[in-house]
Each structure stands twice: as structure tokens, then as C-alpha cells.
Amino acid sequence: MQIPDINIGNLHADRAIVQGGMGVGISLSGLASAVAEQGGIGVISSVGLGLLNPDMGRTFREANLNALRNEIRIARRKTNGVLGVNVMVAVSDYEDLVRVALDEKIDILFLGAGLPLKAPSLLSQNDLRRVPTKIAVIVSSARAAMLVLSTWDKKFSRLPDAFVVEGPKAGGHLGFKREQIDQPEYALENILPEILVKVNQYASKYRQRIPVIAAGGIFNGEDIHDILQLGVQGVQMGTRFVATNECDASRAFKEQFLKCSPNDLVIIDSPVGLPGRAIENNFLREVSSGLRHPFSCPWKCLKTCDYIHAPYCIAQALKNAREGLFDNGFAFSGAKAFLLEKIVSVKEVFTNLADEYQKALQVGNLTPQAVAAR
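Residues numbered from 1 in each chain as written. Predicted model: local features only at pLDDT ≥ 70, side-chain atom pairs only at ≥ 80, totals over all residues. Heavy atoms only, no water.

1. Focus on the overall build of the protein
When its secondary structure is counted, the protein shows twelve helices and 13 strands. Against the globule reference of 21 Å for 374 residues, the protein gives a C-alpha radius of gyration of 20 Å, in line with a compact fold. The C-alpha extent of the protein, read off along each of the three principal axes, is 60 × 50 × 40 Å. Counting across all 374 residues of the protein, residues that qualify as buried make up 56%. Across the protein, the fraction of contacts at a sequence separation of at least 24, relative to all contacts at a separation of at least 6, is 68%. (Helix = DSSP H or I, 4+ residues; strand = E, 2+ residues; numbered from the N terminus. Rg over C-alpha atoms; globule rule 2.2 N^0.38 Å. Buried < 20%, exposed > 50% of the residue type's maximum accessible area, 1.4 Å probe, protein only. Contact = heavy atoms within 4.5 Å.)

See the structure below:
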């Protein structure tokens, strides 16, 4: 048996694997289209595109929007597969980015880094399309899922098309307090059951199937097999796709992942007010010791960023890391980044995941005595 497929409304992907959106510029049209070609859901990150393409507009806001439109169109030329865009609710141009993605008829929007409680108000024209863009909401708790469900139900008489549940082993900004990250009760497998109950309750009311996609610390086919046993319909994977030829970052960025050890993966306090998981380097050690990296903010790209007192510009730091300039930047990563060994093609990643999944499936079908004998 292959890794299962996934249906999100009338949207179908042959493999229930979502490639996580990674900014700034880590997952663009190159990686997203390659994943979509292999039957997964490829995701373009909309974060910070104006920094990468300052010539695409008179302002950073305009450059952001034009660059996103361009990336979607490039990806569409490369694949007929399922493509998504990740938009952070916390960015200043959130609504504009959503409108661009809808205008470009993206297959699915992944909305996270904040709760998109008013998102349905942006979708009126989208609903008139023959195959409207699907909306997947990213949450990290049953409370957050319930707030989205109840608000959309009461105010808009509709529900999200899918949920992504990110556990504390994810890379980048985390939806947990620092002290919660290592507590067993907040582990992905422990927060999923309550979320599944809430989602299924509302789905029954609307006679709608709402897939739940698990994310955070899912690295190989065995992880996929194990998490699917909990009743989710798919997985989201980010870190596993960094060390691929098609990943849109520089080779130097990818090699940081190949060289890291478990001890190099640390939790940092981001300037945007959230903890995040990253690969420790001299830049982060300097920040931790109190050294500031002064900067001039071209515009407040994140609503929650205290750019006046922030020790560095996180968007610029992530852009520098993408280009391999680690003296002035760092890389976010998932908890299993140290398992990456070499840079391969996206096709090879999918082949390996399928092999690993098949082996896990075979072991799962064995008796406990046979498993012990292995």
C-alpha cells in the first residue's frame, strides 16, 4: 500500500502529504511545484517576498503582492498538481496577500500565525468559482480550533475546509508558551484527540468532511504511518523538504541542516513575541548575550513586531540565512533536522517516504511476538 491520498472538499491530492510553507523564500515556486508534481500539496510561503524582490514594486507592500502573484504563476506553469499558499494572519498585508492568492485561483490557502476569524468575509467572490479555493486553518490547540469553528459557524454559517494541527516539534514560530514545548500533555499525539472531536462535531452539523492534517516532528514514513493511526487524514512536512535540489534556498542554507546535531536545535525568543525552534549559530548566541543588530525598518511587516526595541530584524535575518549569510542570520528548523544526511530530489524524498511507510505498515500488521523477534 502507498501513502494514502487526501480529499479536501472536491480537491484531490494523490498523497496525503502537505509540504509546509517556509519563509522567507525557502518554499517558493520551485519546491512547491516539485512536491505537487509528486502528488503531494506544494505550498508557497508568502512571507517576506518583497525583501527578495524589491524591484517588483514601489513599496515593500506592492513588491510582496507582485512577487506572490509571480511565484504562483511560475508554479502553475510547472505543474498541474495541487498548489497552496501559506499566509500569516500576523503580517500587515495579510488581507491583500489572501486576495492575490484568490485572484490567482490557488487551490488551497493555509492561514496561520494568528486566528483567521474574519477570513470568510474575504471569500465572497471565491465562492462563485466552479472549484473555489479551499481554506485550511493552522492551530496548535483545541481552544484555538474551537474559537475558529464557533466564530465561522455563528457569523458566516460555514466552516474551514481543513485544519492543520502543529505540535511543538515544528520549526519556526510555535503556538505554545516556552514552558509548554517539552511538556508531554502538549505533544502532537496528545493534543490531536480533543481537536478531532471538536472538528468532527461541527463537521457533522454541516454534513461536511473536514480533514485534519498533523504537523510538527513528522520526518519519515514511519512517522506518517504512526500519526495516521490517530485518525488524521494527512501530514504536513517542512524540514524533510529543505535538503532537496528543488528547495528555493541556497546550498549553504541546506548544508546548515546537514551539519546540525540534536544539541544545535534550540528554542529562541523571536522579536515577534513568540518562541521558535532554530539551528543555533554565532548570530543567535550574540543575540542571546544581549548584542543588538541595529536596523532600519522599511515598513512594519508583522503586526506584533516591536521593531523599535527588537534586537534584530527577523525578516532580514531569515533572508540572509536563505542566501547563506549566517553571520547576520539564522535558520528555523523542525526538531528532527539533525536526521537529514544529504541533498536529494523531491522525487527521491517521496520514494523514500513510500518505502518507509510500507515498512512501518508491514511491521504494524505483525503480531507483537513477530515485532519483538525483528
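The discussion continues.
2. Re the confidence of the model for the protein
Across the protein, the average pLDDT comes to 92, with 93% of residues at 70 or higher. Low pLDDT (under 50) marks residues 366–374, which in the prediction has four contacts with non-local residues, meaning those over four places away or in another chain. (pLDDT = per-residue confidence, 0-100.)

3. What to know about helix H1 (residues 29–37)
An α-helical turn contains 3.6 residues, so a residue and the one three or four places further along point in the same direction. With eight of nine residues buried, H1 lies mostly within the body of the structure. Inspection of H1 places Ser29, Gly30, Leu31, Ala32, Ser33, Ala34, Val35 and Ala36 among the buried residues, and these make up the whole buried set. Structurally, H1 contributes buried residues whose contacts are with strand E3 (17–19), strand E4 (41–45), helix H3 (60–78), strand E5 (82–88) and helix H11 (346–364). Following H1 by one or two positions, Gly39 has its phi on the positive side, about 95°.

4. Re the pairing of E4
Within E4, five of the five residues are buried, which leaves the element mostly enclosed by the surrounding structure. Burial of the side chains of E4 extends over both faces: Ile41, Val43 and Ser45 are buried on one face and Gly42 and Ile44 on the other.

5. So, the packing of aromatic side chains
Here the distance between the centres and the angle between the planes together describe a pair of aromatic rings. Here the structure, examined in full by the defined rule, presents eight aromatic pairs. Judged by centre distance (6.3 Å) and plane angle (75°), the ring pair of Phe176 and Tyr186 falls under edge-to-face. Of this pair, Phe176 sits in the loop between strand E9 (172–173) and helix H6 (188–205) while Tyr186 sits in the loop between E9 and H6, and the two are ten residues apart along the sequence. For Phe176, a relative accessible area of 6% puts it in the buried group. Where Phe241 meets Phe350, the ring centres are 5.9 Å apart and the plane angle is 40°; that geometry is what we call tilted. Placement of Phe241 in the loop between strand E11 (234–237) and helix H8 (251–259) and of Phe350 in helix H11 is noted, with a sequence separation of 109 residues between them. Classification of Phe241 by relative accessible area gives buried; the value is 0%. Three or more aromatic residues joined by ring pairs make a cluster, and in this case those are Phe283, Tyr312, Phe330 and Phe332. In this structure, Arg240 packs its charged tip against the face of Phe219, placed 4.9 Å from the ring centre. (Phe/Tyr/Trp six-rings, centres within 6.5 Å; stacked < 30°, edge-to-face > 60°. Lys NZ or Arg CZ within 6 Å of the ring centre and 35° of its normal.)

6. Looking at the pairing of E11
Neither face of E11 is exposed, since Gly234 and Gln236 on one face and Val235 and Met237 on the opposite face are all buried. As paired strands, E3 and E11 are joined by three bridges and run parallel to one another. Each residue of the ladder has a partner; that of Gln19, found in E11, is Met237. When strand E10 (residues 212–215) meets E11, the two strands line up parallel, connected through three bridges. Opposite Ile213, over in E11, you have Gly234 as the bridge partner. Crossover connection from E10 via helix H7 (residues 221–228) to parallel E11: handedness right-handed. (Pairing = 2+ DSSP bridges. Right-handed = clockwise from strand over helix to strand, strands pointing away.)

7. Details of the nonpolar core
One finds Leu109, Ile224 and Phe330 to be the most contacted residues of the largest nonpolar core, which totals 111 residues. No other element matches the eight residues that H6 contributes to this core. Not counting the four nearest positions on each side in its chain, Phe330 is found in contact with Ile268, Ala278, Asn281, Phe283, Leu284, Tyr312, Ile314, Ala317, Leu318 and Ala321. (Core = buried A, V, L, I, M, F, W, Y, C linked by side-chain atoms within 4.5 Å.)

8. Topic: the pattern of salt bridges
Applying the stated criterion across every chain yields a total of 14 salt bridges. The shortest N-O distance in the salt bridge between Arg73 and Glu104 comes to 2.9 Å. With Arg73 in helix H3 and Glu104 in the loop between helix H4 (94–103) and strand E6 (108–112), this pair connects stretches of sequence that are 31 residues apart. On the basis of relative accessible area, Glu104 is assigned to the buried category, the value being 15%. Between Lys319 and Glu323 there is a salt bridge, with the nearest N and O atoms lying 3.1 Å from each other. Of the residues examined, Glu323 reaches a relative accessible area of 36% and is grouped as partly exposed. A single network of salt bridges, built from pairs that share partners, joins Arg61, Glu95, Asp96 and Arg99. (Salt bridge = Lys/Arg side-chain N within 4 Å of Asp/Glu carboxyl O.)

9. Here's the deal with the sheet that holds strand E12 (residues 265–269)
Taken in spatial order, the three strands make up an open sheet running E9-E13-E12, and their pairing is antiparallel. Each edge of the open sheet is held by one strand with a lone partner, namely E9 and E12.

10. Some thoughts on the side chain of Gln256
Along the chain, Gln256 falls in helix H8. A relative accessible area of 17% places Gln256 in the buried class. Among residues more than four places away in sequence, those in contact with Gln256 are Ile279 and Phe326.

11. Some words on H3
Along its 19 residues, H3 runs 27 Å from first to last C-alpha, staying within 8% of the 27 Å computed at 1.5 Å per residue. Ala63, Asn64, Leu65, Ala67, Leu68, Glu71, Ile72 and Ala75 are the residues of H3 that are buried. On its buried face, H3 sits against H1, E4, helix H2 (49–52), E5 and H4. (Expected span 1.5 Å × (residues − 1).)

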